[in-house]
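Chain residues, written in single-letter form:
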Amino acid sequence: MKKTLILLGVLVLLASQVYAVTGVGIGVRGGFVSNYTNPGLKDSPLGLDLKQMPMLGGHVVLGFLPVIDLEGSAEMAWKKKSFTYGSSSGDLTLRDFSLNVTAKYKFNMMPVIKPYIGAGLGWHWLSYSFSLSSGGTVEVPVDENRLGYHGVAGVALKLPALPLEFFAEGRYTHIMTKQEKFDTKATHYTTILGGVTLGF
């Protein structure tokens, strides 16, 4: 038992040296979600235009080795539309709140500008709310909590004299939704975003 604990301690020490955290950062981000494809809304009589939605969020970054970053982020995208359908009128609001983890590999081609690629997973809370200002009923998709995955590609700009890193990236997200009432198999969209990270 004692030998096992010693061996375990040695392995943990070696792993901590190999995969030591090289930096920590926090930051903010913002952008636009484009081409949000959700058949549950597309095929419904509501006709909500989801070609573009604003997105805001924040993130925490842990650096492992000079070229690998592990990023955790929280984001909110939303869209609101007022319309009239038959005898019903009101506002329909779609919200996509997500918690994401992304691993990014940076290419050390230049000291200041670093292109990167990455992939990760996210947990999405999809919320659909419809507030009526007049009589009638309208069917909307039910709220969902679903797992999604995404791929990213972007470029980071690190200023040598400041503890700031600016970045711009594109991301493709696929959420494994299933709205049986509307025969929805999946929700997917692209995001163009930018942000800044304060390093410590």
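Structure first, text after, so check above.
Reading the values: rules and limits
Residues numbered from 1 in each chain as written. Predicted model: local features only at pLDDT ≥ 70, side-chain atom pairs only at ≥ 80, totals over all residues. Heavy atoms only, no water. Pairing = 2+ DSSP bridges. Helix = DSSP H or I, 4+ residues; strand = E, 2+ residues; numbered from the N terminus. Core = buried A, V, L, I, M, F, W, Y, C linked by side-chain atoms within 4.5 Å. Buried < 20%, exposed > 50% of the residue type's maximum accessible area, 1.4 Å probe, protein only. Phe/Tyr/Trp six-rings, centres within 6.5 Å; stacked < 30°, edge-to-face > 60°. Lys NZ or Arg CZ within 6 Å of the ring centre and 35° of its normal. Polar contact = N/O pair within 3.5 Å; in protein donor to acceptor, adjacent residues only side chain to side chain.

A. Here's a closer look at the pairing of strand 7 (residues 164-175). Inspection of the sheet shows strand 6 (residues 144-158) paired to strand 7 by 11 bridges, in the antiparallel sense. Considered in strand 7, the bridge of His150 is made with Thr173. Linking strand 6 back to strand 7 in an antiparallel pair, the connection comprises five residues. Of the strand pairs in this sheet, strand 7 and strand 8 (residues 187-199) are connected by 12 bridges, and their pairing is antiparallel. If you follow Ala168 over to strand 8, its bridge partner there is Gly194.

B. Inspection of the nonpolar core at higher detail. One finds Val33, Tyr36 and Met53 to be the most contacted residues of the largest nonpolar core, which totals 15 residues. Counting residues per element, the ones that place at least two in this core are strand 1 (21-37), strand 2 (52-64), strand 5 (113-132), strand 6, strand 7 and strand 8. Examining the composition of this core, we find that three residues originate from one element, strand 5, more than from any other.

C. Region of interest: the environment of Gly151. Of note, Gly151 is situated in strand 6. By relative accessible area, Gly151 is classed as partly exposed at 31%.

D. Molecular detail of the packing of aromatic side chains. Per the stated rule, a full pass over the model turns up two aromatic pairs. Here Tyr105 and Phe107 contribute two aromatic rings whose centre-to-centre distance is 5.2 Å and whose plane-to-plane angle is 80°, an arrangement assigned as edge-to-face. Here the guanidinium or amino end of Lys104 rests over the ring plane of Phe167, the centre of that ring lying 5.2 Å away.

E. View of the environment of Asp96. Structurally, the position occupied by Asp96 is in strand 4 (residues 88-106). With 19 residues separating them in the primary sequence, Asp96 and Ala77 have C-alpha atoms 5.2 Å apart. At 3.1 Å, the side chain of Asp96 forms a polar contact with the side chain of Tyr189.

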